[in-house]
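# A look at the structure
Now for the letters of each chain:
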Amino acid sequence: MNLVGLFGGTFDPIHNGHVVAANAAADKLNLEKVIFVPAGNPYFKTREGELVTCSEDRLKMVELAVEERLNFDVSDIEIRREGPSFTLDTVRQFKEVAEQLVVIIGIDALVSLADWYKPGALLEECRMLAVTRPGADPKLISRIPIAEIEKKIEVLDVDTPNISSTKVRQLVRKGLSLEGIVPQKVIDYINQRQLYIG
């Protein structure tokens, strides 16, 4: 089997920046497919008391965003798993069916990599590709307190839209348009389910 990319995240909601990053990673590494893996219980966010939209809504939004892309897929593996969502557990489960994996991550999420569940073991189990975004510090990786981190993480410079899920939720609360920022089917779902308005 060819190289498969795992793109995990809360996706609350998924936006065009995620889609651009996944496309760029697929092109750069000639990935057979990119599998989006919405977190079931995103422990970093929930432990800090941040409210997260229910997993079923987040999963459905990801499915809607990627349903017409042949090389994109969605897995509910973390949503079905009891307890916190650990990337290492997900990688180990996927390695049972795909030998070559690369974890795709936004470079800004690397700030907390040293605090992840067994980060050293994760970096031994798979490749990791950090995708940049506007305003990200390119020297961020060198400050992560993991030995020889620069040799273990590939960086892909991508001109992704300067958007975040936090900004999307703020726009919805203000009643502003998400056109061009979020896939249209996801916008329709957000409106239908009246997400992020409270």
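Before any of the text, the structure's been laid out above.
Everything quoted here is computed from the prediction, not taken from an experiment.

## Comments concerning helix α5 (residues 87–94)
Every buried residue of α5 is accounted for by L88, T90, V91 and F94. The buried residues of α5 occupy an angular sector of 160° when projected down its axis, which confines them to one face. Contacts from the buried residues of α5 go to β1 (4–9), β2 (33–38), α4 (77–80), β4 (101–106) and α6 (119–125).

## Description of the pattern of salt bridges
Evaluated as defined, the whole model comprises 9 salt bridges. Here D57 and R193 are joined by a salt bridge, their closest N and O atoms 3.0 Å apart. Taken together, the residues span a long stretch of sequence, with D57 in helix α3 (residues 55–66) and R193 in helix α9 (residues 184–193) at a distance of 136 residues. The residue E67 makes a salt bridge to K185 at a minimum N-O spacing of 2.4 Å. Note that E67 is positioned in the loop between α3 and β3 (72–74) and K185 in helix α9, a separation of 118 residues in sequence. Since its relative accessible area comes to 33%, K185 is described here as partly exposed. One salt-bridge network, held together by shared partners, links E67, E68 and K185.

## Brief notes about the pairing of β4
Each regular strand carries side chains that alternate between the two faces of the sheet. Burial of β4 is extensive: 5 of the 6 residues sit out of reach of the surface. Where β1 lies against β4, 4 bridges are found, and the strand directions are parallel. By the bridge assignment for β4, L6 is matched with V103. Here β4 pairs with strand β5 (residues 127–131) via 5 bridges, running parallel. When the bridges of β5 are listed, V102 appears paired with R127. Tracing the backbone out of β4, into α6 and back to the parallel element β5 gives a crossover that is right-handed.

## Description of helix α8 (residues 165–173)
Those residues of α8 not exposed but buried are S165, V168, R169, L171 and V172. Within α8, the buried residues cover an arc of 160° as seen down the axis, which keeps them to one side. Buried residues belonging to α8 abut α1 (16–29) and α9. Directly after α8, the chain includes G175, whose backbone phi takes a positive value near 75°.

## Overview of the packing of aromatic side chains
How two aromatic rings sit relative to each other is given by the distance of their centres and the angle of their planes. All told, the structure shown has 5 aromatic pairs when counted by the stated rule. Centre to centre, the rings of F11 and F36 are 5.8 Å apart; their planes meet at 55°, and the pair counts as tilted. Here the residue F11 occupies a position in the loop between β1 and α1, and F36 occupies one in strand β2, the gap between them amounting to 25 residues. For the pair F11 and F36, a shared accessibility class is recorded, and that class is buried. Three or more aromatic residues link up through ring pairs in this structure, and these residues are F7, F11, F36 and F72.

The rules behind these values
Residues numbered from 1 in each chain as written. Predicted model: local features only at pLDDT ≥ 70, side-chain atom pairs only at ≥ 80, totals over all residues. Heavy atoms only, no water. Buried < 20%, exposed > 50% of the residue type's maximum accessible area, 1.4 Å probe, protein only. Helix = DSSP H or I, 4+ residues; strand = E, 2+ residues; numbered from the N terminus. Arc of directions from axis to C-beta. Contact = heavy atoms within 4.5 Å. Salt bridge = Lys/Arg side-chain N within 4 Å of Asp/Glu carboxyl O. Pairing = 2+ DSSP bridges. Right-handed = clockwise from strand over helix to strand, strands pointing away. Phe/Tyr/Trp six-rings, centres within 6.5 Å; stacked < 30°, edge-to-face > 60°.

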